[in-house]
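Next come the chains, spelled out residue by residue.
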Amino acid sequence: GTSNSGVKVQGNDGASLYPKNINIGQIVSRNAWGTGLYINHVDSVSISSYMGFENGNGGGSGSDEYGVDICPSAGSGQERIQIGSIYSEDNGDSVSVRINGDHVSIRDIQLRDSVDVGVQITSAGRVNIGTIKHTDSGSNTTFVVKIDGNGEHNIDSIETNLAHSTSQSRVIINGQYFDVRIGSIRLGSTDSLEGVVQLTNASSST
């Protein structure tokens, strides 16, 4: 009944305390009111695999709105987050996986039934993701990937069963600097019309 997370690794930025060399094998989080996995103000964290089911559906504001929230932001600027795999099913009141930090590397992300946004990158740092695979069985997802940060982001591939929509792009990149590299995007439709990727700059022109 509160916004507590399932698993939390959190430092204290005000006291300049940043957990380092945290190594975790497997995490499974289910039905947490708040975020299933929350990483904040840390120096270095390594997780082999994370599986989350129905987390972060508590209230749609603050920490409740994310299934996974990765925002290391160590004061030293030397943070390192490495995650092997993330599986997220029916997580987040609005975003399944949010990434806001520098030096974040995730090998693969699998999403099922995201609400509104599958993966959101708000970081101005560097984020590297291998593959993002998304499945929507209930037409709940608007954006499969939404990038709001002006950092250097690399994604090898994005795949979803959702077809493109001329009124709503499945992959959207907002920012003043488009320093984003995506290897391939595969939608659940062979139609190659508009709507695959939308680039929107600071003045909201497309």
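Preceding block: the structure.
Residues numbered from 1 in each chain as written. Predicted model: local features only at pLDDT ≥ 70, side-chain atom pairs only at ≥ 80, totals over all residues. Heavy atoms only, no water.

Enquirer: If you had to explain the overall build of the chain to someone new, which residues and values would you point to?
Expert: In terms of helices and strands, the chain carries zero helices and 15 strands. Out of the 206 residues belonging to the chain, those deemed buried represent 48%. Restricting to contacts in the chain with at least 6 residues of sequence separation, those with at least 24 account for 65%. Carbon and sulfur atoms provide 41% of the accessible area of the chain, an area that totals close to 9300 Å². (Helix = DSSP H or I, 4+ residues; strand = E, 2+ residues; numbered from the N terminus. Buried < 20%, exposed > 50% of the residue type's maximum accessible area, 1.4 Å probe, protein only. Contact = heavy atoms within 4.5 Å. Areas by Shrake-Rupley, 256 points an atom, 1.4 Å probe, with all protein chains shown as cover.)

Enquirer: Describe the environment of Ser 85, listing the residues and the values that go with them.
Expert: Along the polypeptide, Ser 85 turns up in strand S6 (residues 80-89). Sequence spacing of Ser 85 and Asp 108 is 23 residues, and the spatial spacing of their C-alpha atoms is 4.9 Å. Setting aside anything within four residues of it in sequence, one finds Ser 85 in contact with Ser 48, Ser 49, Tyr 50, Arg 107 and Asp 108.

Enquirer: Which residues make up the pairing of strand S7 (residues 95-99), and what values do they have?
Expert: In terms of burial, S7 is a largely internal element, five of the five residues being buried. Alignment of strand S5 (residues 66-71) against S7, held across four bridges, turns out to be parallel. Within the sheet, the bridge partner assigned to Val 68 lies in S7 and is Val 97. Alignment of S7 against strand S9 (residues 116-121), held across four bridges, turns out to be parallel. Considered in S9, the bridge of Arg 98 is made with Gln 120. (Pairing = 2+ DSSP bridges.)

Enquirer: Report on a nonpolar patch on the surface, specifying residues and quantitative values.
Expert: A cluster of nonpolar side chains, namely Phe 178, Val 197 and Leu 199, defines an oily patch on the protein surface of about 240 Å² accessible area. Its place among the elements puts Val 197 in strand S15 (residues 197-200). (Patch = residues over 30% accessible without salt bridge, like charges linked within 9 Å, V, L, I, M, F, W, Y side chains within 5 Å. Salt bridge = Lys/Arg side-chain N within 4 Å of Asp/Glu carboxyl O.)

Enquirer: Quick one: what's the story with the sheet that holds S15, residue by residue and with numbers?
Expert: With parallel pairing, eight strands are arranged side by side in an open sheet as S1-S3-S5-S7-S9-S11-S13-S15. Edge positions in the sheet fall to strand S1 (7-10) and S15, since each has one partner strand and no second. Here the average twist between neighbouring strands, direction ignored, is 15 degrees. Alignment of S1 against strand S3 (residues 37-40), held across four bridges, turns out to be parallel. (Axes fitted to C-alpha atoms, helices over the stretch in contact; angles between N-to-C directions.)

Enquirer: Which residues make up the pattern of salt bridges, and what values go with them?
Expert: Within this structure, the stated rule accounts for four salt bridges. Salt-bridge contacts for Asp 108 lead to Arg 107; the nearest nitrogen and oxygen are separated by 3.3 Å. Across the pair Arg 181 and Asp 179 runs a salt bridge whose closest N-O atoms are separated by 3.0 Å. With relative accessibility at 47%, the residue Arg 181 sits in the partly exposed group.

Enquirer: I'd love a proper account of the environment of Arg 30, names of residues and values included.
Expert: Its location among the elements puts Arg 30 in strand S2 (residues 22-30). The sequence separation of Arg 30 and Met 51 amounts to 21 residues, and the corresponding C-alpha distance is 8.4 Å. Residues within four places of Arg 30 in sequence aside, it is in contact with Phe 53 and Asn 55.

Enquirer: Outline the pairing of S5, supporting the account with residue identities and numerical values.
Expert: For S5, the buried fraction is high: six of the six residues fall into the buried class. The pairing of S3 with S5 spans four bridges and is parallel. When the sheet's bridge partners are listed, Leu 37 is paired in S5 with Val 68.

Enquirer: A description of unusual backbone geometry should follow, citing residues and the corresponding values.
Expert: For residues besides glycine, phi is generally negative; the peptide bonds are generally trans as well. Non-glycine residue Asn 21 carries a positive phi angle of around 55 degrees. Structurally, Asn 21 is set in the loop between S1 and S2. Phi at Asn 31 takes a positive value of approximately 60 degrees, unusual for a residue other than glycine. Along the chain, Asn 31 turns up in the loop between S2 and S3.

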